[in-house]
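Given next are the chains, with one letter for each unit.
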Amino acid sequence: MSIGVGVIGTGVMGAEHARILRHETPGAHLAGIFDPDPTRAQAVAVGAAVFSDARSLIASDQIDAVLIASPDVTHAALTLACIEAGKPVLCEKPLASSAAGALDVVRAEVALGRRLIQVGYMRRFDPGYREIKRVKDAGEIGGPVLLHNVHRNVRAPEWFDGSMAITNSFVHEIDISRWLLGSEMVSVHVEAGPGGEPLMITMKTDKNEIVSTEVFVNASYGYHVHAELVGRQGTISLAPASLTLLNRDRAGGLSYPDNWVPRFEEAYRRQMADWVSAVKFGGAVGASAWDGYVASAIAEQVAQALAGNGVATLRYEPRPSLYD
Ligand code: NAI
């Protein structure tokens, strides 16, 4: 049986997910679309049903599972509607635009008693990050002591405001750092450069490891994500993601993409394949609703620290046993 997936929100990410579903995901098909912009919806649907609102898409018997790629502020309510309808969800990050909103989703899933939510923290599916985790778990670089992250964008999306460099961008580093190290973050120190960026965020884990992250969402030169894990017997880092080395005008170098879609193409593809497989055969993969809550809770506290004295002891609700 092919899983019918409905996509809510067909901007940059929704269009890419729809493309992957249509062309690169055996065992699933694009069954429906909703976007309040009818031109965008029609352009992505190409024959799939176009729904007039998100709730009718979620309720439809043509839709077995839902992919949410609408703006951050819509995620929690749409995810709750899917839980109510008993439909599996792949929700783009962040799970909600506030920690309280993310916690509502966790509580609804716990009340249901089974896991339906995967959050689109797709770096967990990136081959480079997976290799770092494999090497670290095999003990090949000794015990980890430090993780350096770099997150640079060409320019912030038009819809970025307030603390979104933290609640929308840095959430990726929160999630991937927790996943790579298998640690929880306990404290944070954050500082901003001249004019408010870049941000330099340093967290300590419950195993006393240090996690440093530069977030620079208007770095101009290219989309560049980097990580180096330092262990007591060695280090391992992401290699440059460029496919080619270009020599021209007496200079040579690697190229950077304009945004995340080409950089994480393989991660998006693997994320979709594994999610579809989990929907079909059971099991849970990727970041859970709990992981989504923790990322949003940390991000919110980092944003508050930035507006205050720059430091915070991080606090979370206790983890429900559904996520053990
Ligand atoms: P976008 O602005 O390109 O697209 C958003 C789409 O949602 C638009 O087509 C808009 O018409 C539609 N929309 C607006 N209100 C809606 C509503 N109430 N219900 C349904 N659709 C609605 O934004 P983009 O870049 O595609 O981001 C979408 C989501 O994906 C965001 O939550 C963002 O954080 C996340 N994202 C994830 C990335 C990743 O690497 N995992 C990368 C970039 C974005």
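Thresholds applied
Residues numbered from 1 in each chain as written. Predicted model: local features only at pLDDT ≥ 70, side-chain atom pairs only at ≥ 80, totals over all residues. Heavy atoms only, no water. Helix = DSSP H or I, 4+ residues; strand = E, 2+ residues; numbered from the N terminus. Buried < 20%, exposed > 50% of the residue type's maximum accessible area, 1.4 Å probe, protein only. Areas by Shrake-Rupley, 256 points an atom, 1.4 Å probe, with all protein chains shown as cover. Lys, Arg positive; Asp, Glu negative; His and termini not counted. Charge placed at Lys NZ, Arg CZ, Asp CG, Glu CD. Core = buried A, V, L, I, M, F, W, Y, C linked by side-chain atoms within 4.5 Å. Contact = heavy atoms within 4.5 Å. Pairing = 2+ DSSP bridges. Axes fitted to C-alpha atoms, helices over the stretch in contact; angles between N-to-C directions. Near = heavy atom within 4 Å. Polar contact = N/O pair within 3.5 Å; in protein donor to acceptor, adjacent residues only side chain to side chain. Left-handed = near helix turned anticlockwise from the far one by under 90°. Salt bridge = Lys/Arg side-chain N within 4 Å of Asp/Glu carboxyl O.

Thoughts on the overall build of the protein
Okay, so step 1: Looking only at helices and strands, one finds ten helices and 15 strands in the protein.
Okay, so step 2: Considered along the principal axes of its C-alpha atoms, the protein spans approximately 55 × 55 × 40 Å.
Okay, so step 3: Within the protein, the proportion of its 324 residues that are buried is 52%.
Okay, so step 4: As displayed, the protein has an accessible area near 14,400 Å², and 52% of this comes from carbon and sulfur atoms.
Okay, so step 5: Charged side chains of the protein number 29 positive and 36 negative; the gap between the two group centres comes to 4 Å.

Some thoughts on the nonpolar core
Okay, so step 1: Formed by 101 residues in total, the largest nonpolar core has its most connected members in Ile117, Tyr129, Ile201 and Tyr293.
Okay, so step 2: If one sorts the elements of this core by residue count, helix α10 (residues 289-307) sits on top with eleven residues.
Okay, so step 3: Apart from the residues lying within four places of it in its own chain, the contact partners of Tyr293 are Leu95, Ala99, Ala102, Leu103, Val106, Tyr316 and Glu317.

So, the sheet that holds strand β4 (residues 65-68)
Okay, so step 1: Spatially, β3-β2-β1-β4-β5-β6 is the arrangement adopted by the six strands of the open sheet, whose pairing is parallel. Edge strands, defined here as strands with exactly one partner in the open sheet, are β3 (49-50) and β6 (117-119).
Okay, so step 2: Seen against the sheet, helix α1 (residues 12-24) touches β1 (3-8), β2 (28-34) and β4 and runs at an angle of roughly 150 degrees to β2.
Okay, so step 3: Running over the sheet, helix α4 (residues 75-85) touches β1, β4, β5 (89-91) and β6 and is turned about 175 degrees from β4.

Some remarks on the site of the ligand
Okay, so step 1: Contacts to the ligand come from 26 residues, most closely from Met13, Asp35, Arg40, Asp72 and Tyr268.
Okay, so step 2: Between His75 and the ligand, the recorded distance is 3.0 Å, taken from a side-chain N or O atom to an oxygen atom.
Okay, so step 3: Residue Gly120 places a main-chain N or O atom 3.5 Å away from a nitrogen atom belonging to the ligand.
Okay, so step 4: Starting from 840 Å² of accessible surface for the ligand in isolation, the protein chains cover 84%.
Okay, so step 5: Elements supplying a minimum of two residues to the shell around the ligand: α1 and α7 (164-181).

Description of the environment of Glu228
Okay, so step 1: Looking at where Glu228 falls in the secondary structure, it is placed in strand β11 (residues 224-231).
Okay, so step 2: Remark: the alpha-carbon pair of Glu228 and Asn149, spanning 79 residues in sequence, is separated by 6.7 Å.
Okay, so step 3: With residues up to four places along the chain from it excluded, the contact list for Glu228 reads Leu146, Leu147, His148, Thr235, Ile236 and Ser237.
Okay, so step 4: There is a polar contact of 2.8 Å between the side chain of Glu228 and the side chain of Thr235.

Concerning the packing of α1 against helix α9 (residues 265-281)
Okay, so step 1: At a minimum axis separation of 10 Å, α1 and α9 run at an interaxial angle of 60 degrees. Crossing of α1 over α9 shows right-handed handedness. Where α1 abuts α9, its residues Met13, His17, Arg19, Ile20, Leu21 and Glu24 lie against Glu265, Tyr268, Arg269, Gln271 and Met272.

A closer look at the pattern of salt bridges
Okay, so step 1: Applying the stated rule across the entire model yields 20 salt bridges.
Okay, so step 2: Note that Asp37 and Arg40 form a salt bridge whose closest N and O atoms lie 3.8 Å from each other.
Okay, so step 3: On the basis of relative accessible area, Arg40 is assigned to the partly exposed category, the value being 46%.
Okay, so step 4: Arg269 is the partner of Glu266 in a salt bridge, and the nearest nitrogen-oxygen pair spans 2.7 Å. Here the residue Glu266 and the residue Arg269 both occupy positions in helix α9, the gap between them amounting to three residues, near one helical turn.
Okay, so step 5: Overall, Arg269 belongs to the partly exposed group, its relative accessible area being 23%.
Okay, so step 6: Because the salt bridges share partners, they merge into one network encompassing Glu16, Arg19, Glu24, Glu266, Arg269 and Arg270.

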